[in-house]
Amino acid sequence: MLISRRGALMAGGSVMMVRAARAQSWPDRPIRVIVPYAAGGADQFIRPLQDGMTQALGQAIVIESAPGGGGALGANRVRTAPPDGHTLLFAGTGALTAVPRLQKLGYSIADFAPIANLIAIPYVLAARRDAAFTDMASFLKAAKARPEGLTYGTPGTGSTPHLIAEAMAKAAGIRMLHVPYSGIATAAVALLAGDIDLVMGAPGNIMPLMERGVRPLAQTGAARIAPLPELPTLREAGLPVELVTRFGFFAPRHTDAAILDRLARLVLTGAAGPAYVEAMHRGFNEVEPLDRARFQAFLEAEDKATAQWLQALDLG
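Thresholds, definitions, all that
- Residues numbered from 1 in each chain as written.
- Predicted model: local features only at pLDDT ≥ 70, side-chain atom pairs only at ≥ 80, totals over all residues.
- Heavy atoms only, no water.
- Helix = DSSP H or I, 4+ residues; strand = E, 2+ residues; numbered from the N terminus.
- Rg over C-alpha atoms; globule rule 2.2 N^0.38 Å.
- Buried < 20%, exposed > 50% of the residue type's maximum accessible area, 1.4 Å probe, protein only.
- Contact = heavy atoms within 4.5 Å.
- Areas by Shrake-Rupley, 256 points an atom, 1.4 Å probe, with all protein chains shown as cover.
- Pairing = 2+ DSSP bridges.
- Axes fitted to C-alpha atoms, helices over the stretch in contact; angles between N-to-C directions.
- Polar contact = N/O pair within 3.5 Å; in protein donor to acceptor, adjacent residues only side chain to side chain.
- Salt bridge = Lys/Arg side-chain N within 4 Å of Asp/Glu carboxyl O.
- Arc of directions from axis to C-beta.

Draft legend 1. Up close: the overall build of the protein. Of the regular secondary structure elements, the protein holds 12 helices and 11 strands. For the protein, the C-alpha radius of gyration of 21 Å lies close to 20 Å, the compact-globule estimate for 316 residues. Expressed along its principal axes, the backbone C-alpha trace of the protein runs to roughly 75 × 45 × 30 Å. Within the span of the protein, comprising 316 residues, buried residues form 51% of the whole. Sequence-distant contacts, at least 24 apart, represent 78% of the contacts inside the protein between residues at least 6 apart. Accessible area of the protein: about 14100 Å², with a carbon and sulfur share of 55%.

Draft legend 2. Fine view of the sheet that holds strand 4 (residues 112-122). Spatially, 2-1-3-10-4-11 is the arrangement adopted by the six strands of the open sheet, whose pairing is mixed. For this open sheet the edge positions go to strand 2 (61-65) and strand 11 (287-290), each flanked by a neighbour on one side alone. Direction aside, the axes of adjacent strands within the sheet are offset by 20 degrees on average. Pairing of strand 1 (residues 31-35) with strand 2, which is carried by five bridges, proceeds in the parallel orientation. Across the sheet, Val35 pairs through a bridge with Ser65, a residue of strand 2. Contacting strand 3 (87-92), strand 4, strand 10 (244-252) and strand 11, helix 10 (residues 257-272) crosses the sheet at an angle of about 20 degrees to strand 4.

Draft legend 3. Geometry of the side chain of His86. Tracing the backbone through its elements, the reader meets His86 in the loop between helix 3 (72-79) and strand 3. A polar contact is formed between the side chain of His86 and the side chain of Asp28, at a distance of 3.2 Å. Residue contacts for His86: discarding those within four places in its chain leaves Trp26, Pro27, Asp28, Arg29, Pro30, Ile31 and Arg32.

Draft legend 4. Structural detail: the sheet that holds strand 8 (residues 198-201). Spatial strand order, 7-6-8-5-9: five strands in an open sheet with mixed pairing. The open sheet has two free edges, formed respectively by strand 7 (177-180) and strand 9 (215-219), since each of these has just one partner strand. In this sheet, neighbouring strand axes are inclined to one another by 25 degrees on average, regardless of whether the strands run parallel or antiparallel. Examined bridge by bridge, strand 6 (residues 151-154) and strand 7 share four bridges and lie parallel to one another. When the sheet's bridge partners are listed, Tyr152 is paired in strand 7 with His178. Lying on the sheet, helix 6 (residues 136-145) is in contact with strand 5 (124-127), strand 8 and strand 9; it crosses strand 9 at an angle near 95 degrees. Helix 8 (residues 184-193) rests against strand 5, strand 6 and strand 8 of the sheet, and its axis sits at about 160 degrees to strand 8.

Draft legend 5. Just the pattern of salt bridges, in detail. Under the defined criterion, the tally for this structure stands at 15 salt bridges. Linking Asp43 and Arg47 is a salt bridge whose minimum nitrogen-to-oxygen distance equals 3.0 Å. Residue class for Arg47 comes out partly exposed when judged on its relative accessible area of 37%. A salt bridge links Glu288 to Arg246, with the shortest nitrogen-to-oxygen separation between them at 2.6 Å. Taken together, the positions of Glu288 in strand 11 and Arg246 in strand 10 put the pair 42 residues apart, joining distant regions of the chain. The class for Arg246 is buried, based on a relative accessible area of 13%. Members of the salt-bridge network, linked through shared partners, are Asp28, Arg29 and Asp84.

Draft legend 6. Region of the structure containing helix 3. Residues Ala72, Gly74, Ala75 and Val78 constitute the buried set of helix 3. Around the axis of helix 3, the buried residues are gathered within 165 degrees of arc, so they sit on the same side. At its buried positions, helix 3 is contacted by strand 1, strand 3, helix 4 (94-97), helix 5 (99-102), strand 4 and strand 10.

What follows is the structure, given as structure tokens:
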């Protein structure tokens, strides 16, 4: 059947009108935000925004933890959800760049629409309270004396903490045994119980454990961040390794741009509030609001760099 140019234009216009109508009526039910880690981890970054977004949208914002596979389980749930703006992902970018490559999964960054970034943090390497080492120098000496004798926990295989720990080990010429957990909170429990020797995780989860004797050894950023002025970097320990990770909101691919824009405005407005910034700094986290375009650019650059990094580590 032949379709005239006028008919094609009319059909295209009808699709645009339907999309516009859907965007205007959105949201018409509660919005689920899937956080693909154990509760008590990355969900802490968005709970201060939950009430404000609920009021602005007129629908409940429901935060659901879906741990597993270093973020893969929750990410895949959002990937396969209808692109109607009612199911979102809040995750570290490694769940979309490193995890699918390392675990040979069937998704990539192309399956998601970035909305806005909230947080950019280094990770913290910390030792259990009764460890024989108390700083990076003594840790590296102990690790070299016990190849694969020291164990370290992360939020999962392929997670960014896993990769930065492997990069650190390669740069230092040491070998450790990786123990993956469902989230950083469960890894921290194992550290406190003495089940593992070290943990690599977000500062908001690690630094409060100092009160229970856990010893932070280093942070992974290029420079010390304001909430952690006393903690040295890996570079200061002589290791040419640096990394920060970003945590932001994503939607399934093909979600209407008007919905994405509205969500981005809400997120960025909340992130700019002094109360939110102060709360994040109290939790040892740096706020880095990025709009859709800038977040997309960072994500594409990280995806390319991650592929090269995994190849260099013989993990990809």
